[in-house]
Amino acid sequence: MKYALYPGLLCLFLFPAAAQEATPLPPGQVQEGFSLMEEGAKLLLKGLMSSMEPAMDDMGRALTQMEPALRDLTAMMGDIGNY
């Protein structure tokens with residue numbers, strides 16, 4: 001029964017502006033808004049990439065060290081469909 005409420009709640013949270021009237025903006029302002037959003041998204045992703053880079057490097061080194069053991073394990077297992 002409670003699962004029937006999820007789509008309605010999802011619509012309320014994702015589309016709150018649907019109930020409001022949209023006022024059209026001049027084309028210049030729309031382009032400027034999109035370019036600002038694009039720049040913000042680029043900055044956000046660059047920040048995430050720079051903060052995750054050390055962790056990804058560490059994980060790559062760990063996987064390189066584990067490679068022989070993983071190869072032995074996959075040779076022992078054979079086809080994973082058997083499990």
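Our structure's up above, just so we're on the same page.
The following paragraphs examine the structure supplied in this document. Throughout, a residue's number is its position along its own chain's written sequence, starting from 1. Given that the model is predicted, a residue must reach a pLDDT of at least 70 before its local features are reported, and side-chain atom pairs must reach 80 or more before they are shown or counted; all residues, however, enter totals for whole chains, interfaces and linings. Each side-chain value is worked out from all heavy atoms of the structure, with water and hydrogens disregarded.

## Considerations on a nonpolar patch on the surface
Here a patch means residues that are over 30% exposed by relative accessible area and free of salt bridges, tied together within 9 Å if like-charged and within 5 Å if nonpolar (Val, Leu, Ile, Met, Phe, Trp, Tyr). Reported accessibility uses the Shrake-Rupley method at a 1.4 Å probe radius. Residues are deemed covered only where the shown protein chains occlude them. Put simply, a salt bridge is a Lys or Arg side-chain nitrogen that is within 4 Å of an Asp or Glu carboxyl oxygen. There is a patch of nonpolar side chains on the surface, built from Met 52, Met 56, Met 59, Leu 63, Met 66, Leu 70, Leu 73 and Met 76 and spanning about 790 Å² of accessible area. Here a helix means four or more residues in a row that DSSP labels H or I, a strand means two or more in a row labelled E, and each is numbered from the N terminus. Looking at the secondary structure, you find Leu 63 in helix α2 (residues 27-77). Residue exposure (1.4 Å probe, protein chains only): buried if accessible area is under 20% of the type maximum, exposed if over 50%, otherwise partly exposed. Among the residues examined, Leu 63 registers a relative accessible area of 47% and is labelled partly exposed.

## Examining the pattern of salt bridges
In this structure the tally under the stated criterion is 3 salt bridges. Across the salt bridge formed by Asp 58 and Arg 61, the nearest N and O atoms sit 2.4 Å from each other. Placement of the pair is Asp 58 and Arg 61 together in helix α2, with a separation of 3 residues, close to one helical turn. Given the relative accessible area of 44%, Asp 58 is considered partly exposed. Arg 71 is the partner of Glu 67 in a salt bridge, and the nearest nitrogen-oxygen pair spans 2.7 Å. Highlighted residues: Glu 67 and Arg 71, both in helix α2, separated by 4 residues, approximately one helical turn. Residue classification places Glu 67 among the partly exposed positions, given a relative accessible area of 35%.

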